[in-house]
Amino acid sequence: MITFPLYALIAAGVPLLLLLVRSRRRSLKFLQGPPSPSTLLGHEYALLSEAEDGDLEFGWFERYGTAFKAKACFNEDVLMVADPLALQHIFQKTGYRYRKAREVELQGLQINGPGLFAAQGETHQRQRKLLNPAFSALQIQNLCPIFQNSANTLARKWKDGLKLGPKVFDVLEWLPNMALDALGESIFEYDFGALEDRHNELATLVGELFVDSHFLTPGVLLYIAAIRAAPEFLVKLSQYLPPTKEQVRWKNWRTKAYATAEAMYEKRMREARGSAEMENDVLGVVCRALESSNPEKMMHPEEAFAQLATMIMAGHETTALTSVEDLMTWIIHELSRHPEDQHRILEEVKRRREETRNEGELTPQDYNSMCYLGAVIKEALRLYPILSTIPVEAEVDDVIPLEYPVVSSSGHVIHEVPVAKNQRVIASVDVYNRLKEVWGEDAHEWRPARFLETKTQTTLGAYGNVFTFGGGARMCIGWRFGILEVQAVIVTLLEAFELSLPKEGLDIMRAKGIIMRPVIRDRLHEGQQMPILIKNRDAD
Ligand code: HEM
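Residues numbered from 1 in each chain as written. Predicted model: local features only at pLDDT ≥ 70, side-chain atom pairs only at ≥ 80, totals over all residues. Heavy atoms only, no water.

(A) Local environment of helix α9 (residues 175-188). Taking 1.5 Å of rise per residue, the 14 residues of α9 would be expected to cover 20 Å, and the 19 Å separating its terminal C-alpha atoms lies within 8% of that figure. Within α9, twelve of the 14 residues are buried, which leaves the element mostly enclosed by the surrounding structure. Regarding α9, the residues found buried are Leu175, Pro176, Met178, Ala179, Leu180, Asp181, Ala182, Leu183, Gly184, Ser186, Ile187 and Phe188. In the segment just after α9, glutamate 189 is the residue with positive phi, at about 50 degrees. (Helix = DSSP H or I, 4+ residues; strand = E, 2+ residues; numbered from the N terminus. Expected span 1.5 Å × (residues − 1). Buried < 20%, exposed > 50% of the residue type's maximum accessible area, 1.4 Å probe, protein only.)

(B) Quick peek at the packing of aromatic side chains. Tallied over the full model, the rule gives 18 aromatic pairs. Where tryptophan 60 meets phenylalanine 68, the ring centres are 6.1 Å apart and the plane angle is 80 degrees; that geometry is what we call edge-to-face. Both residues of the pair, tryptophan 60 and phenylalanine 68, belong to the buried class. Ring plane angle 55 degrees and centroid distance 5.6 Å describe the contact between tryptophan 439 and phenylalanine 451, whose orientation is recorded as tilted. A residue pair is termed long-range when its members are at least 10 positions apart, and tryptophan 439 in helix α21 (residues 436-439) and phenylalanine 451 in the loop between α21 and α22 (479-496) qualify at twelve residues. (Phe/Tyr/Trp six-rings, centres within 6.5 Å; stacked < 30°, edge-to-face > 60°.)

(C) The arrangement of the side chain of threonine 66 in detail. With respect to the helices and strands, the residue threonine 66 is situated in the loop between α3 (55-64) and β1 (67-72). For threonine 66, a relative accessible area of 4% puts it in the buried group. There is a polar contact of 3.5 Å between the side chain of threonine 66 and the backbone oxygen of tyrosine 404. Not counting the four nearest positions on each side in its chain, threonine 66 is found in contact with Phe61, Met80, Val81, Ala82, Asp83, Tyr404, Val406 and Leu435. (Polar contact = N/O pair within 3.5 Å; in protein donor to acceptor, adjacent residues only side chain to side chain. Contact = heavy atoms within 4.5 Å.)

(D) Structural context of the sheet that holds strand β8 (residues 424-428). Spatially, β1-β2-β8-β5-β3 is the arrangement adopted by the five strands of the open sheet, whose pairing is mixed. Single-partner strands in this sheet number two, and they are β1 and β3 (98-100). Across the sheet, the axes of successive neighbouring strands diverge by a mean angle of 35 degrees, strand direction being ignored. Sheet topology places strand β2 (residues 76-81) next to β8; four bridges connect them, and they run parallel. Residue pairing in the sheet places methionine 80 in a bridge with isoleucine 426 of β8. Packing against the sheet, helix α5 (residues 102-112) makes contact with β3, β5 (389-394) and β8, and its axis sits at approximately 35 degrees to β3. (Pairing = 2+ DSSP bridges. Axes fitted to C-alpha atoms, helices over the stretch in contact; angles between N-to-C directions.)

(E) Structural detail: the environment of arginine 228. Topologically, arginine 228 is positioned in helix α11 (residues 218-229). The exposure class of arginine 228 is buried, given its relative accessible area of 8%. Setting aside chain neighbours within four positions, we find arginine 228 in contact with Glu44, Ala72, Cys73, Glu76, Arg102, Glu103 and Arg424.

(F) Spatial organisation of the coordination of the iron atom of the ligand. In this structure the iron atom of the ligand is ligated by exactly one protein donor, Cys476 (SG), at 2.3 Å. Relative to the helices and strands, cysteine 476 is located in the loop between α21 and α22. (Donors = N, O, S within 2.8 Å, 3.2 Å for Na, K, Ca; no water.)

(G) Quick look at the sheet that holds strand β12 (residues 531-536). Spatially, β4-β12-β9 is the arrangement adopted by the three strands of the open sheet, whose pairing is antiparallel. Edge positions in the sheet fall to β4 (167-170) and β9 (497-500), since each of these pairs with one other strand and no more. This sheet shows a mean twist of 40 degrees between the axes of neighbouring strands, independent of strand direction. In terms of strand pairing, β9 meets β12 through four bridges, oriented antiparallel. Paired with phenylalanine 497 across the bridge in β12 is asparagine 536.

(H) Up close: the pattern of salt bridges. Taken as a whole, this structure holds 29 salt bridges when the rule is applied. For lysine 256, the salt bridge is made with glutamate 201, and the minimal N-O distance between the two is 3.6 Å. One end of the pair, lysine 256, is in helix α13 (residues 245-272); the other, glutamate 201, is in helix α10 (residues 201-207), and 55 residues separate them in sequence. Residue glutamate 201 is classed as partly exposed on the basis of its relative accessible area, which comes to 45%. Salt bridges linked by common partners bring Glu44, Glu76, Arg99, Glu103, Glu105, Arg228, Glu393 and Arg424 together as one network. (Salt bridge = Lys/Arg side-chain N within 4 Å of Asp/Glu carboxyl O.)

In structure tokens form, the structure reads like this:
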């Protein structure tokens, strides 16, 4: 095996090449930015080592404005952006002119294969067009009973645990299992049995995907930076390096997910034979694509198998994507801190039930009519974007307009930022979501009512002008799925339980990692958790 020369080539050749190329390339010299702490690591290591999400970025954006320059590994200039007009331009107005950052694409490919998350350009466009009908408003509405069913199962389990009175539950021990069951059933008619604690190999593999990940070491960061800038042939050669423990886990996951997907597709095709139409759910649209010979309407078997792995990862376990249970966890946390918000949502539910004379399960239309429930969900999405940044790269030279002008390094006020082809741009979701210019002086505070006030602003994303689902061609395809599931679960839980903080109080912080996780300040060693005091409402 030729591993040593390969390592040596990547370890020494690529960095030297990069430093040479970058010293010649047009850069962002005209922009201000924080001084770099290291030529090799730039700000990348410092950013990934922040104690709490946003520690550095919030200060930088405050000081330099909504667009500035920071350094990535090997002295690379990156554009940090939180300006609404710039984000709208990059994500929503320019089609595929900005591509998913290469390292994210490569990681997506290694974990899930060539599914929607890793696909680029025309391949992405084709896959997205084929999958979109499975995530339309109409199609997602059909999933409501599944979400209500899993919420009711969770409520029953909590009630069993509350027979002796109110009790503190770590909701993170429950919500991910509930969300995984709902995802399996709604997307692939697959029973993970997670809430019932049944052993399931696929659930175990997805849960353990990142236990060997050491993303925070400087060596790994430099390796990723070298790979993302390396020519295609070197990236291909790197496949012949001995796999890391992490890559072995990813391969095991992919193999099992592909086998499961194949079995699901075969089953659906057998069932559909004889019936006039294939359904428009994910299974249905993928089966149709597998059978099609039209180049615009087909998926290759590997693409089709990769969709199942992609959807489970995207909707549940998280790397570069983010998941519904995280959003529910933060909503439950904020509601336990704000009993008045619980009261307001319950009033809305009661009013709706009276108007529609419905004591049973609510409909998606019922949930959508509840404005304060919607405002609470939007406020949680705004304050807790589990994915705090979205890195992209310019495919062509471009000029990015700014809504809020910034001062250049020579002291001039600039209204746009010219960028060269291949420029890396880091869209800061959490900073945009808390910009005072957009959200007001209390942007860092929890105040759902802000979403009930009318305001004109640059429109971003699909829901409430928050950027947590991203925007444009690559915006989260599952956002309606996520919102409906959260609506159903929160209403079910609030009707059954009163939520409050544990007696000793809680100082939860948003711990930084690849994704943002809740931990108790000064008790980081205990890992992620969200203890909530839960009381049965029937007990009153
Ligand atoms: C509240 C929950 C969720 C949040 C906050 C969220 C957020 C995101 C974000 C930020 C992206 C990346 C956008 C970009 O790269 O520009 C994304 C992509 C994606 N999400 Fe979600 N997501 C959620 C739930 C879901 C669910 C439930 C599913 C599937 C059932 C899903 C499927 C996907 C897929 C397949 C992609 C890749 C889309 C593409 O590249 O075309 N997500 N999501």
